[in-house]
Amino acid sequence: MNYLKTKISLAAVMAMMAMPSFAQDAGDAVATAVPTDSVFVFNTLLFLIGGVLVFWMAAGFAMLEAGLVRSKNVTMQLTKNIALFSFAAITYYVIGYVLMYPGDGWMIDGWLGALGVAILEPVGLAAADADAYDYASTGSDYFFQLMFVATTASIVSGTVAERIKLWPFLIFVIVLTALIYPIQASWSWGAGVLDAAGFSDFAGSTIVHSVGGWAALTGAIILGPRLGKYTKEGRTVPMPGSNLALATLGTFILWLGWFGFNGGSELALGGVDSAANVSRIFANTNAAAAGGAVAALILTQLLYKKPDLTMVLNGALAGLVSITAEPLAPGLGSALLIGMIGGVIVVFAVPFLDKLKIDDVVGAIPVHLIAGIWGTLAVPLTNSDASFGAQIYGIVLVGAFTIVASLVVWVVIKATMGLRVDEETEINGLDMGELGMEAYPDFGKG
């Protein structure tokens, strides 16, 4: 994803897009050139439509989490989701965007980007004044990228649900979106050290999803499990969510948004080749999601004698995460298989985390972290330009940085403000204890 740094040859695209037109009087076919700003318009449109679809994923995360937490904590999850997105929009404007895409302004070449606020192109833009007339508008690039950083923050929210205070969580989100995410993303998509090493992550299985997963994992370990989740004998106590209909709706919304997530990451829609690529990405993305859902459905039937809807939902999401690192190169069969392996990962990873007494309320760690690692490792299987060595290097470097940085932030917040609500608030529910309002005031507490 080298966005405005990577330019499309306008002349080549124009040659491909030249279309016949018929002279009204003579009836002779005459080659008519497409206006020179068409590539700029179509690429910009792809970013904007893709960004809107990824924005809709914020609603998907909110609904998924609201459905998988208990009713006494639903309002807190909804509050966290709208607040984290809003803070991400501010921090990415103030520092994150330029830190991630420094151009020639690296403070430490290839490792640490530049400081500054995001600046859009002027109103009434003339072609000659565009930052990248042969590519796309700066505003569309910024908008599309903002949606990705917000997605990373959303991943953390579900894992640490039902026991974390609101403001300490939001402070972590501010640091994650302003510094942690942009720094590591600059190494690949900002033409930093991982890009130079040949690391390949088309739409962010590692750069987006595993980063959210690593941050969530460190937070879950420091917070500890919910009260009563694990017995002294080591048994896991089920804590069913409040509304599986909402969780299912959230999954479908995320599935829809993923077409923008992966399709928009083609970064171009100005020619026949790029348009065909976007459609191929859509089809592969859908196949992987279906594969993950079906694999989880069949596997839970075999293991537990009954299908588990929550596993099926997370299986679909794991399939989507798995294909995100390379949604273009595979054929439909390969995409289906990659997604199915993601679904299998979820079914086995969820109980494994419980054995370790790591309490992940919504299953975000198996879906976004473990399936994200799998998807990144799978890239060389279909993309001959990628290598396992570069992929492993990227996974390890991004993982180590995110773990250390997140650990420092979580520990500092815990020492200064405290992370976890008191026992009484956790038992009665964060909705009333932290916010003073309930999502379902006419029903009993769950």
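See the structure printed just above.
Now for a quick tour of the structure. This is a predicted model, so every value here is computed, not measured.

Criteria and cut-off values
Residues numbered from 1 in each chain as written. Predicted model: local features only at pLDDT ≥ 70, side-chain atom pairs only at ≥ 80, totals over all residues. Heavy atoms only, no water. Patch = residues over 30% accessible without salt bridge, like charges linked within 9 Å, V, L, I, M, F, W, Y side chains within 5 Å. Areas by Shrake-Rupley, 256 points an atom, 1.4 Å probe, with all protein chains shown as cover. Salt bridge = Lys/Arg side-chain N within 4 Å of Asp/Glu carboxyl O. Helix = DSSP H or I, 4+ residues; strand = E, 2+ residues; numbered from the N terminus. Buried < 20%, exposed > 50% of the residue type's maximum accessible area, 1.4 Å probe, protein only. Contact = heavy atoms within 4.5 Å. Phe/Tyr/Trp six-rings, centres within 6.5 Å; stacked < 30°, edge-to-face > 60°. Expected span 1.5 Å × (residues − 1).

## Topic: a nonpolar patch on the surface
Then, number 1: Together, V294, L297, I298, L302, L303, Y304, V344 and F348 line one region of the surface with nonpolar side chains, adding up to about 710 Å² of accessible area.
Then, number 2: If you tally residues by element for the nonpolar patch, the top one is helix α9 (residues 272–304), at six residues.
Then, number 3: Looking at the element boundaries, L302 is found in helix α9.
Then, number 4: Look at L302 and you get exposed, because its relative accessible area is 57%.

## Section: the environment of V156
Then, number 1: Relative to the helices and strands, V156 is located in helix α4 (residues 138–159).
Then, number 2: Take V156: its relative accessible area is 1%, and that puts it in the buried class.
Then, number 3: For the pair V156 and A215, spaced 59 residues apart in sequence, the C-alpha separation works out to 6.5 Å.
Then, number 4: In contact with V156, other than residues within four places in its own chain, are F169, F172, L176, G212, A215, A216 and W410.

## Here we look at the pattern of salt bridges
Then, number 1: With the rule as written, the count across this model stands at four salt bridges.
Then, number 2: Notably, a salt bridge pairs E162 with R226, separated by 2.4 Å at the nearest N-O pair. In this pair, E162 is assigned in the loop between α4 and α5 (166–188) and R226 in the loop between α7 (205–223) and α8 (244–263), connecting sequence segments 64 residues apart. The same class applies to E162 and to R226, which are both buried.
Then, number 3: Here the residues in one salt-bridge network are R70, E162, R226 and D359, joined through shared partners.

## A closer look at the packing of aromatic side chains
Then, number 1: With the rule as written, the count across this model stands at 18 aromatic pairs.
Then, number 2: Considering the side-chain rings of F47 and F144, the 5.5 Å spacing of their centres and the 25° angle between planes classify their relative orientation as stacked. On the criterion of sequence distance, the pair formed by F47 in helix α2 (residues 38–68) and F144 in helix α4 is long-range, its members being 97 residues apart. Here F47 matches F144 in class, with each residue buried.
Then, number 3: Through successive ring pairs, a cluster of aromatic residues spans F47, Y135, F144, F148, W189, W258 and F261.

## Let's talk about unusual backbone geometry
Then, number 1: At L267, a position not held by glycine, the phi torsion is positive, near 70°.
Then, number 2: Mapped onto the elements, L267 comes out in the loop between α8 and α9.
Then, number 3: Its identity as a non-glycine residue notwithstanding, K357 has a phi of 60°, on the positive side.
Then, number 4: Mapping K357 onto the fold places it in the loop between α11 (332–355) and α12 (364–382).

## Section: α9
An α-helical turn contains 3.6 residues, so a residue and the one three or four places further along point in the same direction.
Then, number 1: In this model α9 runs 48 Å from its N-terminal to its C-terminal C-alpha over 33 residues, within 8% of the 48 Å that 1.5 Å per residue would give.
Then, number 2: A positive phi of about 70° marks K305, the residue just after α9.

In short, geometric facts, not functional conclusions.
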